[in-house]
Amino acid sequence: MQLPNEIFIPEIARLVNEGKQVIFTPTGVSMRPYIEGGVDNVTLVQPQNLAVGDIVLAEIAPQHFVLHRIYALQGETVTLMGDGNLQGEEHCSRSNVLAKVTAIHSPKGKSKPVTKAWLWRHMLHLRRIVLKIYRHTCI
Amino acid sequence: MKVIPGFALRPLGNEYLLIAESVDLVNFNAMITLNESAAYLWRNVADKESFDEQTLTKLLLAEYEVSPEQALEDARKTIASWQDAHLITEAEL
């Protein structure tokens, strides 16, 4: 099913808000190497107890959604960045965080660990090299 | 035939989405989408104790400009696709 994000993401948010867990396949490369877009499935739940390192679905501008990792929490402001990005943060408020990832599954049913990626978040200068190796060896 | 309870029909863009509202884990990758005519049929049989291809044929003829033969063929295809997707079951006698 190929539907634009602005149509199906709000539906996912509605279901999560009702207390359901939702599985879907995100697209894009911005969460490599932790999530392979168009391949891995993620499980989303209500965004409770947000913490730095959580992967969340957020609306960072009207109808502009990202599934990225939390890099900072300051009061109501949430700072996000994609694991596969070399630079560029996004900012939104806590109320714009729609869901939190609790599980990542590869197509063969294997679960990937959902970590806070502490080391990855602190090695921005090495990302370019690691991601290059990842693209050549794991995809 | 009868509809398996627990599904909700939600408009989504130009189509409709059947969501298993009764379960706690919703797999968005396995969602079932219905076009306008299939959604119309679903709405009209969802509460019925039983229906068959004649029921759907009559509904299609009442709403769309199609021949009886085309309506019957569409009704059969619809029932087959719903069976494949485990959306309907045999009605209890």
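Structure shown above.
What counts, and at which threshold
- Residues numbered from 1 in each chain as written.
- Chains lettered and ligands numbered in written order.
- Predicted model: local features only at pLDDT ≥ 70, side-chain atom pairs only at ≥ 80, totals over all residues.
- Heavy atoms only, no water.
- Helix = DSSP H or I, 4+ residues; strand = E, 2+ residues; numbered from the N terminus.
- Buried < 20%, exposed > 50% of the residue type's maximum accessible area, 1.4 Å probe, protein only.
- Contact = heavy atoms within 4.5 Å.
- Phe/Tyr/Trp six-rings, centres within 6.5 Å; stacked < 30°, edge-to-face > 60°.
- Axes fitted to C-alpha atoms, helices over the stretch in contact; angles between N-to-C directions.
- Parallel < 35°, antiparallel > 145°, perpendicular 65-115°, else oblique.
- Left-handed = near helix turned anticlockwise from the far one by under 90°.
- Core = buried A, V, L, I, M, F, W, Y, C linked by side-chain atoms within 4.5 Å.
- Buried area = accessible area lost by both parts, 1.4 Å probe.
- Salt bridge = Lys/Arg side-chain N within 4 Å of Asp/Glu carboxyl O.
- Polar contact = N/O pair within 3.5 Å; in protein donor to acceptor, adjacent residues only side chain to side chain.
- Nonpolar A, V, L, I, M, F, W, Y, C, P; charged D, E, K, R; others polar.

A count of helical and extended segments in chain A gives three helices and eight strands. In chain A, the succession of α and β elements from N to C terminus is α-β-β-β-β-β-β-β-β-α-α. If one aligns the C-alpha atoms of chain A with their principal axes, the spans along those axes are about 40 × 35 × 25 Å. The proportion of buried residues among the 139 residues of chain A is 45%.

Residue and element names in this part refer to chain B. Relative to the assigned elements, Thr78 resides in helix α3 (residues 68-84). Judged by its relative accessible area of 13%, Thr78 is buried. Ignoring sequence-local partners within four residues, the contact set of Thr78 consists of Leu41 and Leu56.

Here we take up the packing of aromatic side chains. Here the structure, examined in full by the defined rule, presents six aromatic pairs over all chains. Seen from their ring centres, A:Tyr34 and A:Trp120 are 6.2 Å apart, and the 70° between their planes marks the pair as edge-to-face. Pair noted here: A:Tyr34 is in the loop between β1 (21-24) and β2 (41-45) and A:Trp120 is in helix α2 (residues 118-121), with a separation of 86 residues, a long-range link. Looking at A:Trp120, the relative accessible area reads 6%, which means it is buried. Pairing B:Tyr40 with B:Tyr64 gives two aromatic rings, centres 5.8 Å apart and planes at 85°, and the pair type is edge-to-face. In this pair, B:Tyr40 is assigned in helix α1 (residues 36-45) and B:Tyr64 in the loop between α2 (53-63) and α3, connecting sequence segments 24 residues apart. Its relative accessible area of 27% is what places B:Tyr64 among the partly exposed residues.

With that settled, consider the packing of α1(B) against α2(B). Residues and elements named next belong to chain B. Relative to each other, α1 and α2 sit at 120°, their axes nearing to 10 Å. Judged by the inter-axis angle, α1 sits oblique to α2. Judged by the twist between their axes, the crossing of α1 over α2 is right-handed. Taking contact as the criterion, the partners of Tyr40, Leu41, Asn44 and Val45 in α1 are, on α2, Thr55, Leu56, Leu59, Leu60, Ala62 and Glu63.

The biggest cluster of nonpolar side chains holds 26 residues, and the ones touching the most others in it are A:Ile12, A:Phe24, A:Val42, A:Leu44, A:Leu57, A:Leu67 and B:Phe28. By residue number, the principal contributor to this core is helix α1 (residues 5-17) of chain A, which donates six residues. Non-local contacts of A:Leu44, meaning those with residues more than four positions away in its chain, are made with A:Ile12, A:Val16, A:Lys20, A:Gln21, A:Val22, A:Phe24, A:Leu57, A:Leu67, A:Ala99, A:Lys100 and A:Val101. Of all hydrophobic cores here, the second largest spans 21 residues; its members include B:Val3, B:Val45, B:Ala71 and B:Leu87.

Another point: the interface of chain A and chain B. Facing the 17 residues of chain A at the interface are 15 residues of chain B. For the chain A and chain B pair, buried surface summed over both sides reaches about 1400 Å², with 62% attributable to carbon and sulfur atoms. Our count for the contact surface shared by chain A and chain B stands at one salt bridge. A:Glu11 serves as the salt-bridge partner of B:Arg10, at 3.1 Å between the closest nitrogen and oxygen. Applying the counting criterion to the chain A and chain B interface returns four residue pairs in polar contact (both at pLDDT 80 or more). For the side of chain A that touches chain B, the secondary-structure elements that each account for two or more residues are α1, β1 and β2 of chain A. The element contributing the most residues to the side of chain A that touches chain B is α1(A), with six residues.

What follows covers the packing of α2(B) against α3(B). Residues and elements named next belong to chain B. One can describe the packing of α2 onto α3 by two numbers: an axis separation of 8 Å at closest approach and a directional angle of 125°. Between α2 and α3, the crossing angle belongs to the class labelled oblique. Seen along the crossing, α2 lies across α3 with a hand that is right-handed. Taken together, the residues of α3 that come into contact with α2 (itself represented by Glu53, Gln54, Leu56, Thr57, Leu60 and Leu61) are Pro68, Ala71, Leu72, Asp74, Ala75, Arg76, Thr78, Ile79 and Trp82. Grouping the constituent residues of the contact of α2 with α3 by class yields nine nonpolar, three polar and three charged.

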